[in-house]
Amino acid sequence: TGAGSLALLKIDTKRRVPLPIIYSDNIWGDGRCEKNADSPFGPHGLDLVTRDDGRHQLAVINHMEHESVEIFELVALEQESDVGTENVERVNQWGLVWRGCAVAPRKNFINDLSLLADGSFFVSHMYDKDFSINDFLTTAITGQDTGYVMHWDQQNGFSEVTGTKGAQPNGIAYDEEQGFLYISFNLSDKVALIDLESAETLHSFSLNAPDNLVLKDGSLWVTNLDHETLDVLSCEDKSPCALPFTVTELDATTLEKLNSWSFSAEPFGLPSVALPLGTEVLIGSFRSDRLAFFNIDAETTYE
């Protein structure tokens with residue numbers, strides 16, 4: 001409901017560092033919008049890809065002004081760094097150049113996205129904008145379809161992807177080499193693997209309230225909640241909210257479980273994404289004032 005921002009986290013130090021943004025022309029988007037440093041920004045799901053032309057493209061869901069996907073180029077920016085009284089070192093830091101945006105249809109409420117090397121993307125539409133709390137509770141019981149996945153490119157704009165309807169499609173990840181799309185259906189408690197050529201669901205895995213997905217090195221990483229729907233009401237004035245949750249590693253080909261790590265009563269909760277980084281897993285949250293990580297071998301969480 002409020003404005004947000006983008007930042008970088010240095011993995012070795014676990015420290016947040018600035019991420020400068022330069023605003024330029026809308027050349028990678030749909031050409032219908034203009035943005036500048038004063039434009040409101042409510043970031044949500046994001047993805048990064050190396051494009052066919054060798055440039056690095058970052059795309060981010062934006063909920064402010066209108067539902068849109070903001071598109072950036074990740075670049076190395078040169079700056080001066082003082083290393084002594086006489087010497088000045090020139091160093092590179094990462095920065096973003098805004099290259100455009102794609103405005104979603106008015107009825108859509110979008111959540112997560114997965115980029116392709118040609119600059120197009122898949123994006124999850126969870127439910128219509130008028131979806132109410134009562135609708136949410138009803139869907140949690142019935143599992144009825146509320147949304148679907150869309151594809152966007154500069155030529156055709158947004159279009160629904162056949163075979164992707166379900167109860168609150170949330171996190172998505174696309175394997176461009178295999179043509180497989182992974183979707184977590186939050187309110188029907190499953191992750192699905194869909195062959196886009198045939199529009200068939202090849203495999204699914206059941207777990208309570210799955211959120212975002214990370215596809216890496218033949219594994220699919222997913223977070224999910226281990227509490228009842230109404231338990232989250234106890235978190236209204238708490239941040240972080242220490243409700244139990246699980247991080248699960250699935251085989252990306254079969255969706256068979258490879259590993260899982262469950263947590264409760266930690267200084268962290270309501271996870272949204274798990275990113276493996278060597279022997280550590282970094283965890284984000286949709287309602288927390290921090291990131292967290294745990295060591296795969298020690299199974300220990302850290303503040």
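Higher on the page you've got the structure.
Residues numbered from 1 in each chain as written. Predicted model: local features only at pLDDT ≥ 70, side-chain atom pairs only at ≥ 80, totals over all residues. Heavy atoms only, no water.

**So, the overall build of the chain**
This is how it is decided: Each helix is a run of H or I in the DSSP string that is no shorter than four residues. Each strand is a run of E no shorter than two, and both are numbered from the N terminus. Think of it in three bands: with a 1.4 Å probe and only protein chains considered, a residue is buried below 20% of the maximum accessible area for its type, exposed above 50%, and partly exposed in between. When checking whether two residues touch, look at their non-hydrogen atoms; a contact exists if any pair is within 4.5 Å. Residue exposure ignores everything except the shown protein chains as possible cover, and the areas themselves are Shrake-Rupley values with a 1.4 Å probe.
Tallying secondary structure elements over the chain gives 1 helix and 23 strands in all. The 303 residues of the chain split such that 46% are buried. Long-range contacts, defined here as pairs at least 24 residues apart, represent 49% of the contacts in the chain between residues at least 6 apart. Element-wise, carbon and sulfur atoms account for 46% of the exposed surface of the chain, whose accessible area totals about 15500 Å².

**Focus on the sheet that holds strand 9 (residues 121–128)**
Two orientations exist for strands paired in a sheet by backbone hydrogen bonds: parallel and antiparallel. What counts is decided by this rule: Strand pairing is assigned whenever DSSP detects at least two bridges linking the two strands. To define axes, lines are fitted to C-alpha atoms, for helices over the stretch in contact only, and angles between the resulting N-to-C directions are given on a 0 to 180 degree scale.
Spatial ordering of the open sheet is given by 8-9-10-11, a layout of 4 strands whose pairing is antiparallel. What marks the edges here is a single partner per strand, and that holds for strand 8 (108–115) and strand 11 (157–160). In this sheet, neighbouring strand axes are inclined to one another by 30° on average, regardless of whether the strands run parallel or antiparallel. Judged from the 5 bridges that link them, strand 9 and strand 10 (residues 148–153) form a sheet pairing that is antiparallel. Looking at strand 10, one finds that Ser124 is bridged to Val149.

**Thoughts on the pattern of salt bridges**
Selection criterion: Between Lys or Arg on one side and Asp or Glu on the other, a salt bridge is scored when a side-chain nitrogen of the former is within 4 Å of a carboxyl oxygen of the latter.
All told, the structure shown has 7 salt bridges when counted by the stated rule. Its salt-bridge partner being Lys35, residue Glu70 comes within 2.6 Å of it at the nearest N-O pair. Of this pair, Glu70 sits in strand 6 (residues 68–82) while Lys35 sits in the loop between strand 3 (21–23) and strand 4 (43–50), and the two are 35 residues apart along the sequence. A residue is classified by how much of its surface remains accessible, and Lys35, at 8% relative accessible area, is buried. With its nearest N and O atoms 3.3 Å apart, the salt bridge here joins Arg51 to Asp53. What makes Arg51 buried here is its relative accessible area of 15%. By sharing partners, the salt bridges in this structure join Arg55, Glu73 and Arg99 into a single network.

**Side note on the nonpolar core**
As a reminder of what qualifies: Throughout this description, the term nonpolar core refers to a set of buried Ala, Val, Leu, Ile, Met, Phe, Trp, Tyr and Cys residues connected via side-chain atoms within 4.5 Å.
Val69, Ile110, Leu113, Phe121, Val123 and Phe158 are the most contacted members of the largest nonpolar core, which totals 17 residues. Elements with a minimum of two residues in this core: strand 5 (56–62), strand 6, strand 8, strand 9 and strand 10. By size, the runner-up hydrophobic cluster in this structure holds 13 residues, among which are Phe180, Tyr182, Leu193 and Val222.

**Digging into the environment of Asn108**
Mapped onto the elements of the fold, Asn108 is located in strand 8. When its relative accessible area of 1% is taken as the criterion, Asn108 is described as buried.

**Comments concerning the sheet that holds strand 14 (residues 190–195)**
Spatially, 4 strands are ordered 12-13-14-15 in an open sheet, and the strand pairing comes out antiparallel. Looking at strand neighbours, the two that pair on one side only are strand 12 (169–175) and strand 15 (200–206), the edges of this open sheet. With strand direction ignored, the average angle separating the axes of adjacent strands in the sheet is 20°. Relative to strand 14, strand 13 (residues 180–185) runs antiparallel, the two sharing 6 bridges. Note that in strand 14 the partner of Phe185 across the bridge is Lys190.

**Looking at the environment of Asn224**
This is how the line gets drawn: The term polar contact refers here to a pair of N or O atoms within 3.5 Å; inside protein, the definition further demands a hydrogen-donor-capable atom paired with an acceptor-capable atom, and it admits residues adjacent in sequence only when both atoms are side-chain atoms.
For Asn224, the location among the structural elements is in strand 17 (residues 219–225). Residue Asn224 is classed as buried on the basis of its relative accessible area of 4%. As a C-alpha pair, Asn224 and Leu270 span 46 residues in sequence and 8.2 Å in three-dimensional space. Residue contacts for Asn224: discarding those within four places in its chain leaves Leu207, Asn208, Ala209, Pro210, Phe245, Thr246, Thr248 and Pro271. Within the structure, the side chain of Asn224 is placed 3.1 Å from the backbone oxygen of Asn208, a separation counted as a polar contact. Looking at Asn224, its side chain comes within polar contact range of the side chain of Asp226, at 3.2 Å.

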